[in-house]
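Analysis of the macromolecular model
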Amino acid sequence: MTLGDIFVFAEYTTNRWLDGSLEAIQEGARVARQTASNLVVITIGTPCADLDAVLEKQPIQSLISVEHPLLTTFSTDGYVIALSQLIEQYMPSLFIASATLTSQDFIPRLCARLKAPLVSNCVRISLGDNQRGFVFVKPTHYGQFYTTFACEQTPAFAMLLPGAIGIQPPSEYSPIQVKTFTPHISPDDIRTSMLERTKGDPRSIDIREASVIIGAGRGVAESDCWQTVESLADLLQAPIAGTRPLLDQGLVRRERVIGQTGKNVKPDVYIALGISGAYYHIQGINPASTIVAVNIDRKAPIFTHSKLGIVGDLRQILPEIIDRLQKLKRD
Ligand SMILES: Cc1cc2nc3c(=O)[nH]c(=O)nc-3n(C[C@H](O)[C@H](O)[C@H](O)COP(=O)(O)OP(=O)(O)OC[C@H]3O[C@@H](n4cnc5c(N)ncnc54)[C@H](O)[C@@H]3O)c2cc1C
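Residues numbered from 1 in each chain as written. Predicted model: local features only at pLDDT ≥ 70, side-chain atom pairs only at ≥ 80, totals over all residues.

**Some remarks on the sheet that holds strand S8 (residues 145-151)**
- Spatially, S6-S7-S8 is the arrangement adopted by the three strands of the open sheet, whose pairing is antiparallel. Because the sheet does not close on itself, it has two edges, and the strands there are strand S6 (124-127) and S8. Here the average twist between neighbouring strands, direction ignored, is 25 degrees.
- As paired strands, S6 and strand S7 (residues 134-140) are joined by four bridges and run antiparallel to one another. Looking at the pairing, serine 126 lines up with valine 135 of S7. (Pairing = 2+ DSSP bridges. Helix = DSSP H or I, 4+ residues; strand = E, 2+ residues; numbered from the N terminus. Axes fitted to C-alpha atoms, helices over the stretch in contact; angles between N-to-C directions.)

Written as structure tokens, this is what we have:
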């Protein structure tokens, strides 16, 4: 049995892939190597503003950008129509997507239209026995078991559980071929229309997707300035994350802890408040992030990782920072 291409549906923000999409690309690349197939990344909607930055150092050989004026905003109908035409034309053997809010919305319907099998919440995909189809591993029974499913019918669809695979540093990459695919869609096909878009609460966004993060450490708890940190977060529209001691004290939830046993983040700016800069915490911050640190101890290791360091007591420094930011906002 000859296997067709491995398609990976990938989503980006202004200039980078969503973490879940990066995981999907890397899992797709692994399966493509195993099956000696081509990995093809599929994007849809508005072309990425900075494609070069997005594609840099990813194991992608080719990318198909699905473009149409009716796809510039998301609609279930538009995405289903466009991608069903793409899949019917190219007939990949496997279509992988991270289980993001967007793909959870349209992929089950796309599979229904194509009468294609779908395995959701996968953590691993491999070539099936005797090179037939694929096998998918997913947590079941409330996470107490990992269960393996086989599927011989192709194209098969798989949705990956975000965060389950982790992002590995890319080991290889080759020149990329970029193609455009223009589907046939008419305005009557789209049965819903977008009325408005309001910004979500920055406190509740996934810290892995945030461009600015406020990191709170034990120094925040000890100096009793949590509320001032919240004011700074409101002003910068940034989520608050923290170190493990803050989890232990009940100030941040588990999914807001950064570090080796927490989440890996890659904000443009990480504001580390009252954080010593322990190895296990720093491990979770992408080295490309700019760290701004405030710490009372000038010898705190966090300063060796920081682009900007302020030595001082949070109780004095934080109100001053907030004051200046408010002034900047007013002017
Ligand atoms: C196996 C293992 C895994 C771990 N995984 C993680 C992980 O994933 N994430 C994580 O975060 N930790 C993790 N830890 C814990 C980690 O080693 C550190 O203990 C932790 O990161 C320290 O947190 P902290 O910087 O908030 O506290 P501390 O190290 O106690 O630092 C507090 C800092 O606040 C400063 N400070 C105090 N008062 C003020 C003030 N008024 N103004 C300004 N600064 C002030 C102090 O000078 C100090 O530098 C792990 C540990 C182990 C053993």
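Additional details are given in the paragraphs that follow.
**Some thoughts on the sheet that holds strand S15 (residues 308-311)**
- Spatial ordering of the open sheet is given by S12-S11-S13-S14-S15, a layout of five strands whose pairing is parallel. Looking along the sheet, the strands with just one partner apiece sit at the ends: strand S12 (240-242) and S15. The mean angle between the axes of side-by-side strands here comes to 20 degrees, regardless of whether they run parallel or antiparallel.
- The sheet contact formed by strand S13 (residues 269-273) and strand S14 (residues 290-295) spans five bridges and is parallel. Paired with leucine 273 across the bridge in S14 is valine 294.
- Contacting strand S11 (212-216), S12 and S13, helix H6 (residues 226-236) crosses the sheet at an angle of about 175 degrees to S11. (Contact = placed C-beta atoms within 7 Å.)

**Some thoughts on helix H10 (residues 314-330)**
- The first and last C-alpha atoms of H10 sit 24 Å apart over 17 residues, in line with the 24 Å expected at 1.5 Å per residue.
- Residues of H10 that are buried: Leu314, Leu318 and Ile321. Projected onto a plane normal to the axis of H10, the buried residues spread over an arc of 65 degrees and lie on a single side. Facing away from the buried side of H10, by more than 90 degrees, are the exposed residues Arg315, Gln316, Glu320, Asp323, Arg324, Gln326, Lys327 and Arg330. (Expected span 1.5 Å × (residues − 1). Buried ≥ 20, exposed ≤ 12 C-beta atoms within 10 Å, placed from the backbone. Arc of directions from axis to C-beta.)

**What about the environment of phenylalanine 95?**
- Structurally, phenylalanine 95 can be placed in strand S4 (residues 94-98).
- For phenylalanine 95, a count of 28 C-beta atoms within 10 Å puts it in the buried group.
- The sequence separation of phenylalanine 95 and threonine 154 amounts to 59 residues, and the corresponding C-alpha distance is 9.3 Å.

**Here's the deal with the domain arrangement of the chain**
- Annotation of the chain at the domain level lists domain 1 (6-189) and domain 2 (202-330).
- Between domain 1 and domain 2, the C-alpha centre-to-centre distance is 34 Å. (Domains from an automatic or database assignment.)

**Section: the site of the ligand**
- Near the ligand, the surroundings consist of 29 residues, among which Gly217, Gly219, Thr243, Gly259 and Ser276 are the closest.
- Those elements that provide at least two residues to the shell around the ligand are helix H5 (218-222), helix H7 (244-248), helix H8 (279-282), S14 and H10.
- Broken down by element, the shell around the ligand gets its largest block of residues, three residues, from H5.
- For the shell around the ligand, the residue count by class is ten nonpolar, 13 polar and six charged. (Near = placed C-beta within 6 Å. Nonpolar A, V, L, I, M, F, W, Y, C, P; charged D, E, K, R; others polar.)

**Concerning the packing of H6 against H10**
- Direction vectors running N to C along H6 and H10 enclose 25 degrees, while the axes themselves pass 10 Å from each other. Taken together, the axes of H6 and H10 lie roughly parallel to each other. The hand of the H6/H10 crossing is left-handed. Where H6 abuts H10, its residues Thr228, Ser231, Leu232 and Leu235 lie against Leu318, Pro319, Ile321, Ile322, Leu325 and Gln326.
- Split by residue class, the contact of H6 with H10 holds seven nonpolar, three polar and no charged. (Parallel < 35°, antiparallel > 145°, perpendicular 65-115°, else oblique. Left-handed = near helix turned anticlockwise from the far one by under 90°.)

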